[in-house]
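Close look at the chain arrangement
Chain residues, written in single-letter form:
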Amino acid sequence: AIFFHSTADHERAIAHALEGRDWESAADWTESVAEETLRRGRLTTLIGWLDRLPPDLLHARPWLILWHGRARGLLGESTIGESDIAKALSLFQSLEDRRGVASARVTWAGIRFRRGDYSGAAQDARTVLTENDPATAMERAEASDWLGCSLAESGDLPGAEEAFRQALMMHQAQGNLV
């Protein structure tokens, strides 16, 4: 596992760590590549890694819970996904991890939007954008996306246009060609 990790072959490193029951390394390495794995659409790979970790280890690490919830939600398993996001948000808040809170809030904005709770989605998005949360550029862009979608669905087309314009600028600044 260490050899594969040293060569940046993350999938093999994690697979070997899991096979060897090196739970801490598997958890650390999964956490370090979870976002990229999710963005590449490797949802079942990510879930497979996370589901093989001991539950007490998984549930003690809010970032792992968050990635598990996002992946489950994207696969349409909304009950599990939402439960995980709620657990992660609660843990981030208790740990005073402001970046984690911001990331979980962006996720909640998307959940609320899909439920038709446009004002709640807009509120979560605005919180990430205005409360000095140390959100990453990607989280801020996603928050602007959800804000624009929510405002458009609520009939505030000028507000939606401005939110989308801001989101587009943030995505482009990151080289993310949406």
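In this convention, every chain numbers its residues from 1, walking through the sequence in written order. Confidence filtering applies because this is a predicted model: local features only for residues at pLDDT of at least 70, side-chain atom pairs given and counted only at 80 or more, and all residues used for totals across whole chains, interfaces and linings. Based on all heavy atoms of the structure, the side-chain values leave hydrogens and waters out of the count.

1. A few points about the overall build of the protein chain
Going by this rule: A run of DSSP states H or I qualifies as a helix once it reaches four residues; a run of E qualifies as a strand once it reaches two. Both are numbered from the N-terminal end. We compute the radius of gyration from the C-alpha atoms alone; for a globule the expected value is 2.2 Å times N to the 0.38, where N is the number of residues. Classification of residues uses two cut-offs on accessible area relative to the type maximum, computed with a 1.4 Å probe and protein chains only: under 20% is buried, over 50% is exposed, and between them is partly exposed. In this description, contact between two residues means that some pair of their heavy atoms is separated by no more than 4.5 Å. All accessibility values rest on the Shrake-Rupley procedure with a 1.4 Å probe; residue burial counts only the protein chains present in the view.
If you tally the helices and strands in the protein chain, you get eleven helices and zero strands. What you see for the protein chain is a C-alpha radius of gyration of 17 Å, in line with the 16 Å of a compact globule of 178 residues. Each of the three principal axes of the protein chain carries a C-alpha extent, and together these read 55 × 30 × 30 Å. In the protein chain, which comprises 178 residues, the share counted as buried stands at 44%. Here the analysis covers contacts within the protein chain between residues at least 6 apart in sequence; of these, 52% occur between residues at least 24 apart. With an accessible surface of roughly 9,200 Å², the protein chain has 52% of that area assigned to carbon and sulfur atoms.

2. So, the nonpolar core
Worth spelling out the cut-off: Only buried Ala, Val, Leu, Ile, Met, Phe, Trp, Tyr and Cys residues count toward a nonpolar core, and they belong to the same one when joined by side-chain atoms within 4.5 Å.
Within the largest apolar cluster, 32 residues are counted, with the highest numbers of intra-cluster contacts made by Leu46, Leu50, Leu53, Leu66, Trp67 and Phe92. Among the elements of the structure, α2 (10-19), α3 (23-39), α4 (43-52), α5 (55-58), α6 (62-74), α7 (78-95) and α8 (98-115) are those that each provide at least two residues to this core. Excluding its chain neighbours within four sequence positions, the residues that come into contact with Phe92 are Pro62, Trp63, Leu66, Asp97, Gly100, Val101 and Ala104. Membership of the second largest hydrophobic core comes to eleven residues, among which are Ala125, Ala143, Leu151 and Ala163.

3. Focus on α7
Given 3.6 residues per helical turn, the α-helix brings residues three or four places apart onto the same face. Our working rule: Helix span, expected: 1.5 Å multiplied by one less than the number of residues in the helix.
Its 18 residues give α7 an end-to-end C-alpha distance of 25 Å, which sits within 8% of 26 Å, the value for a rise of 1.5 Å per residue. On its buried side, α7 packs onto α6 and α8. Looking at the residues trailing α7, positive phi occurs at Glu96, about 55°.

4. Overview of the side chain of Asp84
For clarity, the threshold we go by: Within this scheme the basic residues Lys and Arg register as positive and the acidic residues Asp and Glu register as negative, but His and the chain ends are omitted. A side-chain nitrogen of Lys or Arg and a carboxyl oxygen of Asp or Glu constitute a salt bridge if their distance falls within 4 Å.
With respect to the helices and strands, Asp84 occurs in helix α7. Although buried, Asp84 forms no salt bridge, and the nearest oppositely charged side chain, Lys87, lies 4.3 Å from it. Once residues lying within four places of it in the same chain are set aside, the contact partners of Asp84 are Ile65, His68 and Gly69.

5. Comments concerning the packing of α7 against α8
The cut-off we apply is this: Think of each axis as a best-fit line through the C-alpha atoms, taken over the contacting stretch in the case of a helix, with angles from 0 to 180 degrees between the N-to-C directions. Our angle categories are set so that under 35 degrees counts as roughly parallel, over 145 as roughly antiparallel, 65 to 115 as roughly perpendicular, and the remainder as oblique. In this scheme the crossing of two helices becomes right-handed for a clockwise turn of the near helix relative to the far one and left-handed for an anticlockwise turn of less than a right angle.
Remark: α7 packs on α8, axes separated minimally by 9 Å, with the N-to-C direction vectors making an angle of 150°. By the angle class used here, α7 and α8 are roughly antiparallel. The two elements α7 and α8 cross, and the hand of that crossing is left-handed. In contact with Glu82, Ile85, Ala86, Leu89, Phe92 and Gln93 of α7, α8 contributes Gly100, Val101, Ala104, Thr107, Trp108, Ile111 and Arg115.

6. Some thoughts on the confidence of the model for the protein chain
Defined as follows: Confidence of the predictor in every single residue is expressed as pLDDT, which spans 0 to 100.
Of the residues in the protein chain, 92% reach a pLDDT of 70 or more, and the chain-wide mean stands at 89. Element-level pLDDT for the protein chain is lowest in helix α1 (residues 2-6), with a mean of 58, against a maximum mean of 95 in α4.

7. With respect to the pattern of salt bridges
Counting across every chain of the model gives 14 salt bridges. The partner of Arg61 in a salt bridge is Glu24, and the shortest N-O contact between them spans 3.6 Å. Here the residue Arg61 occupies a position in the loop between α5 and α6, and Glu24 occupies one in helix α3, the gap between them amounting to 37 residues. Judged by relative accessible area, Arg61 falls into the buried class, the value being 16%. The closest approach of N and O atoms between Glu142 and Arg39, which form a salt bridge, is 2.9 Å. Of this pair, Glu142 sits in helix α10 (residues 137-153) while Arg39 is found in helix α3, placing the two residues 103 residues apart along the sequence. Under the relative-accessibility criterion, Glu142 is labelled buried at 16%. Residues joined in a network through salt bridges with shared partners are Glu24, Asp28, Glu31 and Arg61.

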